[in-house]
Amino acid sequence: MVLQVWETLKETITAYTGLSPAAFFTVLALAFAVYQVVSGFFVSDEVHRPRSLEVQPESDPLPPPVQLGEITEEDLKLYDGSDSKKPLLMAIKGQIYDVSQSRMFYGPGGPYALFAGKDASRALAKMSFEEQDLTGDISGLGAFELDALQDWEYKFMSKYVKVGTIQKKDEERNKTSEPSEAKAASAEGLSTDIGEEASETKAASAEGLSTNNEREASAVTHDETSRGIDEKIAETTEKKDDHDVAKE
């Protein structure tokens, strides 16, 4: 079908112009080039100026990030981009980042606008846009999802400024404090046990030392008593000998 159309076109060109198809298209290309050159003399430069050379209006510089410290999730919702005077914030794993420089992505109308003003850890890990996944709860996620979340966190840490953290709820604080209290109690009990053992060791050492001292004192007394008896026997013997000599 295409070949038939092409053959018909060649015959038509030859019949009406007297030129071969190659010559006809060559003349047509030259005519177009001449038109472009001639029209350039009558059209202003502004029409042909490339868009890249046009002066783009300068956007207002972004204000420096403001450190918020520890805020609640309710307070974070105030920075979802609905108020252009406030910074655009988003949180990952409880860490809040200023994403104002990417307002076209996270601001109103952007593809990730629903993440703004929230801790979207679970949604980012699962690449989900469901409302129930817009939370910082990452319990029950698989290894692959946790790796994906870690990649997002590295990206935010390298690109955006951290401006605060999300305040933990009372239940989470209690869960966090319970292990600390248990550790403190365990440490206290261990310290008490060590103190008691040390006291018992000291008492046993003192008792053993006292027993040894008593034994040494008894031994010294026994030695002194034996020496006294020996001295008396010797003295009595000397006197007896002297008495015998006097009789003789």
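Residues numbered from 1 in each chain as written. Predicted model: local features only at pLDDT ≥ 70, side-chain atom pairs only at ≥ 80, totals over all residues. Heavy atoms only, no water.

Okay, the overall build of the protein chain next. What the protein chain contains, in helices and strands, is eight helices and four strands. Overall, the protein chain shows an N-to-C arrangement of helices and strands of α-α-α-β-α-β-β-α-α-α-β-α. Across the 248 residues that make up the protein chain, the buried fraction comes to 18%. Within the protein chain, residue pairs in contact and separated by at least 24 positions form 53% of the contacts whose partners lie at least 6 positions apart. Surface accessibility of the protein chain: about 19000 Å² in total, with carbon and sulfur atoms responsible for 57%. (Helix = DSSP H or I, 4+ residues; strand = E, 2+ residues; numbered from the N terminus. Buried < 20%, exposed > 50% of the residue type's maximum accessible area, 1.4 Å probe, protein only. Contact = heavy atoms within 4.5 Å. Areas by Shrake-Rupley, 256 points an atom, 1.4 Å probe, with all protein chains shown as cover.)

The backbone of Lys 93 sits at a positive phi, close to 55°, despite the residue not being glycine. Relative to the helices and strands, Lys 93 resides in the loop between strand 2 (89–92) and strand 3 (95–98). With a phi angle near 50°, Met 127 is a residue other than glycine that sits in the positive phi range. Here Met 127 lies in the loop between helix 6 (121–126) and helix 7 (143–159).

The next thing to look at is the packing of aromatic side chains. For any pair of aromatic rings, the description rests on two quantities: the centre-to-centre distance and the angle between the ring planes. A complete count under the given rule lists nine aromatic pairs for this structure. Here the aromatic rings of Tyr 97 and Phe 156 are separated by 5.8 Å at their centres, their planes lie at 70°, and the arrangement is edge-to-face. Here the residue Tyr 97 occupies a position in strand 3, and Phe 156 occupies one in helix 7, the gap between them amounting to 59 residues. In terms of burial, Tyr 97 and Phe 156 fall into one category: buried. (Phe/Tyr/Trp six-rings, centres within 6.5 Å; stacked < 30°, edge-to-face > 60°.)

A contiguous nonpolar patch, built from Leu 9, Phe 25 and Leu 28 and spanning about 270 Å² of accessible area, is present on the exposed surface. For Phe 25, the position within the fold is in helix 2 (residues 21–39). (Patch = residues over 30% accessible without salt bridge, like charges linked within 9 Å, V, L, I, M, F, W, Y side chains within 5 Å. Salt bridge = Lys/Arg side-chain N within 4 Å of Asp/Glu carboxyl O.)

Right, let's get into the nonpolar core. The biggest cluster of nonpolar side chains holds 18 residues, and the ones touching the most others in it are Met 90, Val 99, Tyr 106, Phe 115, Leu 124 and Phe 156. Elements with a minimum of two residues in this core: strand 2, helix 6 and helix 7. Apart from the residues within four sequence positions on either side, Phe 156 is in contact with Met 90, Ile 92, Tyr 97, Val 99 and Tyr 106. If you look at the next biggest cluster of nonpolar residues, it comprises eight residues, including Leu 89, Ala 91, Ile 96 and Ile 166. (Core = buried A, V, L, I, M, F, W, Y, C linked by side-chain atoms within 4.5 Å.)

To continue, consider the pairing of strand 3. Bridge count for strand 2 against strand 3 is four bridges, and the pairing is antiparallel. Residue pairing in the sheet places Met 90 in a bridge with Tyr 97 of strand 3. Count of turn residues in the strand 2/strand 3 antiparallel hairpin: two residues, of which Lys 93 carries a positive phi of about 55°. Where strand 3 lies against strand 4 (residues 161–166), four bridges are found, and the strand directions are antiparallel. Residue pairing in the sheet places Ile 96 in a bridge with Gly 164 of strand 4. (Pairing = 2+ DSSP bridges.)

We now examine the sheet that holds strand 2. Within the open sheet, the four strands sit side by side as 1-4-3-2. Their pairing is mixed. If you trace the sheet from one side to the other, it starts and ends with strand 1 (69–71) and strand 2, each paired once. Taking the axes of each pair of neighbouring strands and ignoring which way they run, one obtains an average angle of 40° across the sheet. Sheet contacts for helix 7: strand 2 and strand 3; angle to strand 2, the most-contacted strand, approximately 135°. (Axes fitted to C-alpha atoms, helices over the stretch in contact; angles between N-to-C directions.)

With that settled, the discussion passes to the side chain of Ser 100. Positionally, Ser 100 belongs in the loop between strand 3 and helix 5 (103–106). For Ser 100, a relative accessible area of 11% translates into the label buried. Within the local environment of Ser 100, its side chain forms a polar contact with the side chain of Asp 98, the two groups lying 2.6 Å apart. (Polar contact = N/O pair within 3.5 Å; in protein donor to acceptor, adjacent residues only side chain to side chain.)

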